[in-house]
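Architecture and fold: a report
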Amino acid sequence: MLKGLMDVSTHTIYYKSPIFMQHAFTSAYGYKLKRERYSHLYRRALQRYVKGDFDREAMLTHFMNHLKRNISVYADIEIDEDDIFSSFLKLPMTAKADLRYALDARSCKQGQLRFSGTSGTTGESLAVYDSEYDRADRMAYLDYIKLKNGVPPFSRRASFTGQDLTPPRHRDIIWRYNIPMNQVLYAANHLTSRNIGNVYAHLARYRPVELDGFPSAIHMVAKYMLANNIIHPWEVKAVFPTAEILLPHVRADIERAFGAAVIDQYASGEGAPFIYGRRDGGYNIGHETGIFEFHKVGRHLYEMVVTSFINYATPIVRYRIGDQVEIDSDADYLNSYTDEVDLRKIFGRESDYLIGSNSNRVTSVGIARAVEGIEDKIIAFQFIQEDLKRFIVNLVVEADYDEKSDRLFKRRVVRRLGQDSDIEYRYVESIPREKNGKIRFIKNTVADAG
């Protein structure tokens, strides 16, 4: 939220100001963002999505012609408008190095450009350009997803974010108001078991219609409510977690605590197309935002290749994004343009897997089943793989976590990782967050190094 304000001097001024002034600074920047993001371009795009004004073939044809006319590296591509998808499949794959080292040749530098990007799960950043049209399309599609789930734009909203909202000495007042956006932001970095009660009490006073942000942070609030038998005293229409892997027991706890559907969001900060959750736990593909290709890498396991229709400044074209999903299919190749894709789970990057001692791949969802039945006794957990047989398991547990629960958990972990694995269990106060504010549920240094 405060990224645009945060050079050294404004950081100092902000942090040394009284809290009511920090609310004012946050709201001032929120007003600036609202004017930039929610222009007539946004309103026009949202109306288009709501009306369903989308022709898949026409969109791809327009996109291909944009590449040929405006992006120099695609100037020589051949386009057969009578068989546009075959022309699309002839486009070369894009690697991260292509965007990093040939950004200008892959960009159309027209309009009000800015850099947009991601910090990356393994620390390797990537930035691309986007224009005011791209930003409007993106914000409109986010609000379209929310609108489909009963949440109109600018509804009262609580966001759990990794941004720098509070000074180190925050006195457990870790929320700041963004009045123009009808939003309160909570600093996920500073959530602890000590202040979670204060955060819940403030949330209950604010009574947001929707919650969004890091699922690990929202889950902490949900766990507090469930542990204290708190029945949600206000109506939350939906919860929209993003940026971290959403584990099944986390979804279940949040749904039970808030009595609301949890609609997972997936889209890269690099301008990738959208995938978003359904109320039955599966996922919809945002066809209006691009094309997904799926290459089989295991049983029902597919690696995604993405092409985005919502970033014309630096088009993302057949980009191996590195994330993997579960699809109910045995086909070697699928795509969202010609195939009906039953997408069931999003697993994240290859490094979000553990490699067992038998060279078996253990997914995030698979290892999460080790806590089934004892979820109420384990606040949070994290698996770190240091080499092919060495693991560290960080555990944050409740006071009633007993030896029986501990034996059950460890037995399930060994069953998944292998009898000859070297597993160290560490009981900690909290799971450390990455620099971007996210919690990595799995840190596989073997896969990261590869």
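The coordinates are above.
Heads up: these notes are all about the structure in this document.

About the thresholds
Residues numbered from 1 in each chain as written. Predicted model: local features only at pLDDT ≥ 70, side-chain atom pairs only at ≥ 80, totals over all residues. Heavy atoms only, no water. Helix = DSSP H or I, 4+ residues; strand = E, 2+ residues; numbered from the N terminus. Rg over C-alpha atoms; globule rule 2.2 N^0.38 Å. Buried < 20%, exposed > 50% of the residue type's maximum accessible area, 1.4 Å probe, protein only. Contact = heavy atoms within 4.5 Å. Areas by Shrake-Rupley, 256 points an atom, 1.4 Å probe, with all protein chains shown as cover. Lys, Arg positive; Asp, Glu negative; His and termini not counted. Charge placed at Lys NZ, Arg CZ, Asp CG, Glu CD. Core = buried A, V, L, I, M, F, W, Y, C linked by side-chain atoms within 4.5 Å. 1 Å grid on protein atoms, 1.4 Å probe; cavity = no way out; pocket = protein on both sides within 12 Å on 5 of 7 lines; lining within 4 Å. Points joined across faces, edges and corners; volume = space filled by probe spheres on them. Nonpolar A, V, L, I, M, F, W, Y, C, P; charged D, E, K, R; others polar. Pairing = 2+ DSSP bridges. Axes fitted to C-alpha atoms, helices over the stretch in contact; angles between N-to-C directions. Parallel < 35°, antiparallel > 145°, perpendicular 65-115°, else oblique. Left-handed = near helix turned anticlockwise from the far one by under 90°. Expected span 1.5 Å × (residues − 1).

Notes on the overall build of the protein chain
Helices and strands together make up the secondary structure of the protein chain, namely 13 helices and 22 strands. Here the C-alpha radius of gyration of the protein chain, 22 Å, is about what a compact globule of 450 residues would show, namely 22 Å. Each principal axis of the C-alpha distribution contributes one length, and for the protein chain these read about 65 × 55 × 40 Å. Counting only residues that meet the buried cut, the protein chain has 53% of its 450 residues in that class. Taking as baseline every contact in the protein chain between residues at least 6 positions apart, the subset at least 24 positions apart corresponds to 67%. On the protein chain, roughly 20,700 Å² of surface is accessible, and the fraction owed to carbon and sulfur atoms is 49%. Positive and negative side-chain charges in the protein chain, numbering 62 and 59 respectively, have mean positions lying 6 Å apart.

With respect to the nonpolar core
If you look at the biggest cluster of nonpolar residues, it comprises 56 residues, and the most contacted ones within it are Phe 160, Leu 211, Val 221, Phe 258, Phe 383 and Phe 409. In terms of residue count, the dominant contributor to this core is helix H8 (residues 196-206) (six residues). Leu 99, Tyr 266, Ile 316 and Val 341 belong to the second-largest nonpolar core, a separate cluster that totals 24 residues.

Side note on the layout of surface pockets
In this model, the second largest pocket occupies a volume close to 740 Å³. Taken together, 35 residues line the second largest pocket, and the ones lying closest to its centre are Ser 216, Met 220, Ile 379, Ala 380 and Val 396. If you list the elements that add at least two residues to the lining of the second largest pocket, you get helix H9 (215-227), helix H10 (248-258) and strand S19 (378-385). Of the residues forming the lining of the second largest pocket, the biggest block, seven residues, is contributed by H9. Looking at the lining of the second largest pocket residue by residue, the classes come out as 21 nonpolar, nine polar and five charged.

Re the pairing of strand S3 (residues 157-161)
Every other side chain in a regular strand lies on the same face of the sheet, so the side chains alternate between the two faces. Within S3, four of the five residues are buried, which leaves the element mostly enclosed by the surrounding structure. Two elements, S3 and strand S5 (residues 183-187), share five bridges in a ladder whose sense is parallel. From the neighbouring strand, Arg 157 faces S5, where its bridge partner is Gln 183. Alignment of S3 against strand S6 (residues 210-213), held across four bridges, turns out to be parallel. Residue Phe 160 lies in a different strand from S6, and its bridge partner there is Gly 213.

A short note on the environment of Met 139
Within the secondary structure, Met 139 sits in helix H7 (residues 132-148). In this structure Met 139 comes out as buried when scored by relative accessible area, which is 14%. Measuring from C-alpha to C-alpha, the distance between Met 139 and Ala 24 comes to 24 Å, with 115 residues separating the pair along the chain. For Met 139, the contacting residues outside a window of four places in its chain are Arg 37, Tyr 38 and Tyr 42.

With respect to the packing of H9 against H10
Relative to each other, H9 and H10 sit at 50°, their axes nearing to 9 Å. One element, H9, and the other, H10, form an angle in the oblique class. As H9 runs across H10, the sense of the crossing is left-handed. On H10, the residues that touch Pro 215, Ile 218, His 219, Val 221, Ala 222, Lys 223, Met 225 and Leu 226 of H9 are His 249, Val 250, Asp 253, Ile 254, Arg 256, Ala 257 and Phe 258. Grouping the amino acids of the contact of H9 with H10 by side-chain chemistry returns ten nonpolar, two polar and three charged.

Observations concerning helix H4 (residues 56-70)
Counted at 1.5 Å a residue, the expected span for H4 with its 15 residues is 21 Å, and the 21 Å between its end C-alpha atoms agrees. Where H4 is concerned, the buried positions are Leu 60, Thr 61, Phe 63, Met 64, Asn 65, His 66 and Leu 67. Elements that come into contact with the buried residues of H4 comprise helix H5 (84-89), strand S12 (290-298) and strand S13 (301-308).

Here's the deal with unusual backbone geometry
Within the chain, Arg 207 stands out as a residue other than glycine whose phi angle is a positive 55°. Assignment of secondary structure puts Arg 207 in the loop between H8 and S6. Unlike most non-glycine residues, Asn 229 shows phi in positive territory, near 55°.

A short note on the pairing of strand S20 (residues 390-397)
The element S20 is extensively covered by neighbouring structure, given that seven of its eight residues are classed as buried. Pairing geometry for S19 and S20, over seven bridges, is antiparallel. Residue Ile 384 lies in a different strand from S20, and its bridge partner there is Ile 392. The loop that links S19 with its antiparallel partner S20 comprises four residues. In the sheet, S20 pairs with strand S21 (residues 422-427) via six bridges, with the strands oriented parallel. Residue pairing in the sheet places Arg 390 in a bridge with Asp 422 of S21.

Just geometry here; none of it tells us what the structure is for.
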